[in-house]
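Structural description and commentary
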Amino acid sequence: MNRTAIGASPRRIDGRLKVTGAALYTADRSMPGMLHAYGVYSTVASGRITGIDVADARRVPGVVDILHHGNFPRLYRTPKSPISGATILTASITDEHRLPFEDETIHYGGQMVALVVADTFEHARDAAYRVRVAYAPDKAVADLEHGVKANGLKPTQAGHARGTPAPAFDQGAVKVDAIYRTPVETHNPMEMHATVAWWEGGELHLYEATQGATVHRNTIAQVFGLTPERVTVDCPFLGSGFGAKLFMWPHSVATSAAAQMTGRPVKFVVPRAAMFTTTGQRPETRQHLRLSASADGRITSIRHESVNTTSFIEQYVENCGGMTQSLYSCPNVLVTHHTTSVHRGAPTSMRAPGAAPGLFALESAIDELALACGQDPVQFRMTNLSTRDESMNLPWSSNHLREAIELGSRKFGWDRRDPRPGSMRDGHEVIGYGVAVCNWDAWRTPAEARVFLRSDGTAQVTCAIQDIGTGMYTIVAQTVSELTGLPFEKIDVRIGDSSFPAAPVAGGSWATASVLPAVAEATREAIGQLRGFATGEGGAFAGANPETLKLQDGKLTDGKRSVGYADVLNQQRFAAAEGFGRTGGAPNTDKMSFMSFGAHFVEVRWDPGISRLRVSRVVSAIDVGRVINPVTARNQVEGAIVMGIGMALFEATEYDERNGMPGNNNYAEYAVPVHADQPQIDVLLLDHPDLAFNEFGARGIGEIGITGFAAAVANAVHHATGKRVRDLPIVKEKLMA
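Values in this document were obtained by computation on a predicted structure and should not be read as measured data.

Comments concerning the overall build of the protein chain
For the protein chain, the helix and strand inventory stands at 17 helices and 27 strands. Along the first, second and third principal axes, the C-alpha atoms of the protein chain reach 80 × 75 × 50 Å. Counting across all 737 residues of the protein chain, residues that qualify as buried make up 62%. For the protein chain, contacts bridging at least 24 residues in sequence account for 81% of all contacts bridging at least 6. A total accessible area of about 27,100 Å² is found for the protein chain, and carbon and sulfur atoms account for 49% of it.

Next up, the structure:
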């Protein structure tokens, strides 16, 4: 075995393909005779279509067909199934349950109402602009407050309660009672959503920008009344998704139907503006926090009551209080979640769903409570950390949050903090220090993998998991290398194809913890078969006990002599030794609670003379179990931190309250961090294996870096300016007011 592969940082095996342009993404794909599609999108947010005039559009050269509610095949809805780890490999999940062009009803602004199919992209777009749609508009419900007034609050089953939080709050010596708000955020991955679809012999084939080839295959098969075996979804490379590409959206169905109707391959790349309306968003939230503490700074009551916007066609719950119920020790806790319907497209998971907005509110309120108690925010958190999961009365499988806070605090230099707001200066700039805890669930799901040890001395791994840009190709190769001793250049990793062994979606920070054990199991099974070949009749170690043989550096050895495994296979004319692995879902959650933890320390600088606010320095200490690849792990946390800067200071999708239409659905007006906004970032990975979770001791790392970060920024802003901003994003106008 190569015991140095796991925990190393080899060069990414897909890196050369990406930097040379050889890695093909969905929109890069072309097929012989391929047609191009372009959508027509509603210009009202509520109402119904009264007529569609396509006469002018059909006169554009090259137009083949125009799909709409009067020209579309009868398809099938997929049953609504919960996102369950136990059933993820067979699940069929949609983010927008309604089929495209299902009827004349308009549920949100920018809803796709027609699809033009033509011989070129330019002809399709030209014709789409010429489609005339008449509407009978209704008054739109534009935002959360209008939704509450018009539709009230819809209760959900999510939540938690213990103790008597209301009386405990009333009796508390120190109290915080505040409302925090987060706006709609739109995912905006670099790669657009895209589909290339074609039919052969009654079977559907897709190149799809998806975070889950297996689940996408299952879902679209149900829509077209096919068995999953008659659908193939292929996505070897993905330009990220942040949750928007977890599940199927209407454009994939429409493109597949267009290919079926025209009898030719069809490509559809969703325009950037339509990605603000038809492919999900993080919903708007309003969160009421009521916290109390004793005079000595012990938390006595926490109430976290949230409401989020959802669409009129889907019920989506943003689980804002999911971390609140267990992060701090408190005997009296109430967590509730409600929704209210607005005329927007269906919300969906966005990096750290629930926890990202929820920990902005909780960690801001914790900071306020600490200051109200007259205590240092770091020490207050250390005093109140939970030593077990009090929401389930279970011990943590592994929790090194205290160490993370101590390590981050020292590295950051928290002891240099003057607690007086506005007291720390550097020239024209006022310096603020802020801290927040970060927290995310540790999940595992079933996964499958197949490994071939081939007669040419190489290995091949196949699994339907996606690489969403985080390094899955490389860590799969590291796993095989760890068990076989093969160098990385001799390991061929093939992923992202639904015809490969089934895999979960690449989201929720569960891909690594789920897939690597399956790859390891498949590798060990292949090694076992190889040992059988070697010790069988005519084998290099004929008659020996297979258990006495070890595979080291690509060679079988009994301790006295070594034989390359390629020689073992070639001697008996075997093409490969093969292994298949299938691992189950979560470990025993009745005995332990599994989570990841960390702490962010943030320095902001505020120049009141020119009204400039920036994040200048970040130290994040993260406890996610064993670190498989330190470079890719740090990259994920660094990317999440930058996304957290966007959440804290820049991002908000805005809607016109008069008509519910999005107003900044483009990259020119939807602000995100750019290179000039990047601070100095120092990520500290604790690397304590959580062997109760899986054999590698690794928990997920993709989500946790954004959780709590906006609160750390807001807390630093308060330290610099004395102003407590509870409504994201923190723009200069709020500080100048």
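Quick word on the sheet that holds strand E17 (residues 429-441)
The five strands are arranged E16-E17-E25-E26-E27 in an open sheet whose pairing can be described as mixed. Strands with a single pairing partner mark the edges of an open sheet, and in this sheet they are strand E16 (424-426) and strand E27 (680-685). Averaged over all adjacent pairs, the angle separating strand axes in this sheet is 30 degrees, with direction ignored. Summarising the sheet, E16 and E17 pair through three bridges and their orientation is antiparallel. Within the sheet, the bridge partner assigned to Met424 lies in E17 and is Ile431. Along the sheet, helix H10 (residues 377-384) makes contact with E17 and strand E25 (595-607), crossing E17 at roughly 15 degrees. Sheet contacts for helix H11 (residues 401-412): E17, E25, strand E26 (612-623) and E27; angle to E25, the most-contacted strand, approximately 25 degrees.

A look at the pattern of salt bridges
Under the definition given, this model contains 36 salt bridges. Across the pair Glu191 and Lys245 runs a salt bridge whose closest N-O atoms are separated by 2.9 Å. Taken together, the positions of Glu191 in the loop between strand E8 (174-182) and strand E9 (194-200) and Lys245 in the loop between strand E11 (231-234) and helix H7 (250-262) put the pair 54 residues apart, joining distant regions of the chain. There is no split in this pair, since Glu191 and Lys245 are both buried. Here Glu368 ties to Arg726 by a salt bridge, and the two come within 2.9 Å at their closest N and O atoms. With Glu368 in helix H9 (residues 355-372) and Arg726 in the loop between helix H16 (709-721) and helix H17 (732-736), the pair connects residues that are 358 residues apart, well separated along the chain.

Some thoughts on the domain arrangement of the protein chain
The domain boundaries assigned to the protein chain delineate domain 1 (14-18 + 444-583), domain 2 (26-139 + 187-279) and domain 3 (351-442 + 591-735). For domain 1 versus domain 3, the separation of C-alpha centres amounts to 39 Å. Residue-level contacts link 15 residues of domain 1 with 15 residues of domain 3. Buried area between domain 1 and domain 3, both sides added, is near 1,200 Å², and the carbon and sulfur share of it is 55%. Together, Arg444, Thr470 and Ser509 form the three largest contributors to the area buried by domain 1 at its contact with domain 3, with a combined 39%. If you look at where domain 1 meets domain 3, you find one salt bridge. At the surface where domain 1 touches domain 3, the tally comes to seven residue pairs in polar contact (both at pLDDT 80 or more). Residue composition of the side of domain 1 that touches domain 3, by class: five nonpolar, eight polar and two charged.

As for the nonpolar core
Within the largest apolar cluster, 91 residues are counted, with the highest numbers of intra-cluster contacts made by Leu369, Ile405, Phe601, Val602, Val604, Val713 and Ile730. For this core, the leading source of residues is H9, giving ten residues. Ignoring anything within four residues of it in the chain, the contact list for Ile730 reads Leu613, Ala648, Leu649, Val713, Ala714, Val717, Val725 and Leu735.

Side note on unusual backbone geometry
Excluding glycine, a negative phi dihedral is what most residues carry, and trans is how most peptide bonds are arranged. With an omega of -5 degrees, the peptide bond between Leu728 and Pro729 qualifies as cis. When you line up the elements, Pro729 lands in the loop between H16 and H17. Of note, the phi angle at Ala352 is positive, near 60 degrees, even though the residue is not glycine. Among the structural elements, Ala352 can be located in the loop between strand E15 (333-341) and H9.

Section: the pairing of strand E12 (residues 266-269)
The pairing of strand E1 (residues 35-41) with E12 spans three bridges and is classified as parallel. Residue pairing across strands places His36 opposite Lys267, the latter belonging to E12.

Brief notes about the environment of Ala714
Within the secondary structure layout, Ala714 lies in helix H16. Overall, Ala714 belongs to the buried group, its relative accessible area being 2%. C-alpha separation for the pair Ala714 and Arg724, spaced ten residues apart in sequence, amounts to 7.2 Å. Other than its neighbours up to four places away in sequence, Ala714 contacts Phe360, Ser364, Arg724, Val725 and Ile730.

Regarding the packing of aromatic side chains
Two aromatic rings are characterised by how far apart their centres lie and by the angle between their planes. The tally for this structure, following the rule as stated, stands at 19 aromatic pairs. Judged by centre distance (5.9 Å) and plane angle (70 degrees), the ring pair of Trp414 and Phe601 falls under edge-to-face. Of this pair, Trp414 sits in the loop between H11 and E16 while Phe601 sits in strand E25, and the two are 187 residues apart along the sequence. Judged by its relative accessible area of 6%, Trp414 falls in the buried class. Among the aromatic residues, ring-to-ring pairing joins Phe412, Trp414, Tyr433 and Phe601 into one connected group. Its end group placed over the ring of Phe169, Lys175 keeps NZ or CZ at 5.3 Å from the ring centre. Stacked on the ring of Phe541, the Lys or Arg Arg561 has its end atom at 4.4 Å from the ring centre.

Describing helix H6 (residues 213-223)
Burial analysis of H6 places ten of its eleven residues in the buried class, the great majority of the element. Those residues of H6 not exposed but buried are Ala213, Thr214, Val215, His216, Arg217, Asn218, Thr219, Ile220, Ala221 and Val223. In this structure, the buried residues of H6 make contact with strand E10 (203-208), E11 and H7. Positioned one or two residues after H6, Gly225 has a phi angle of 65 degrees, which is positive.

A word on the sheet that holds E15
A sheet is described by the order of its strands in space; here five strands give the open sequence E7-E15-E14-E13-E8, paired in mixed fashion. The open sheet has two edge strands with one neighbour each: strand E7 (154-162) and E8. The mean inter-strand angle of the sheet, taken between neighbouring strand axes irrespective of direction, is 10 degrees. Its contacts with the sheet put H9 on E8, strand E13 (285-293) and strand E14 (299-310), and the angle it makes with E8 is roughly 150 degrees.

Cut-offs and rules
- Residues numbered from 1 in each chain as written.
- Predicted model: local features only at pLDDT ≥ 70, side-chain atom pairs only at ≥ 80, totals over all residues.
- Heavy atoms only, no water.
- Helix = DSSP H or I, 4+ residues; strand = E, 2+ residues; numbered from the N terminus.
- Buried < 20%, exposed > 50% of the residue type's maximum accessible area, 1.4 Å probe, protein only.
- Contact = heavy atoms within 4.5 Å.
- Areas by Shrake-Rupley, 256 points an atom, 1.4 Å probe, with all protein chains shown as cover.
- Pairing = 2+ DSSP bridges.
- Axes fitted to C-alpha atoms, helices over the stretch in contact; angles between N-to-C directions.
- Salt bridge = Lys/Arg side-chain N within 4 Å of Asp/Glu carboxyl O.
- Domains from an automatic or database assignment.
- Buried area = accessible area lost by both parts, 1.4 Å probe.
- Polar contact = N/O pair within 3.5 Å; in protein donor to acceptor, adjacent residues only side chain to side chain.
- Nonpolar A, V, L, I, M, F, W, Y, C, P; charged D, E, K, R; others polar.
- Core = buried A, V, L, I, M, F, W, Y, C linked by side-chain atoms within 4.5 Å.
- Phe/Tyr/Trp six-rings, centres within 6.5 Å; stacked < 30°, edge-to-face > 60°.
- Lys NZ or Arg CZ within 6 Å of the ring centre and 35° of its normal.

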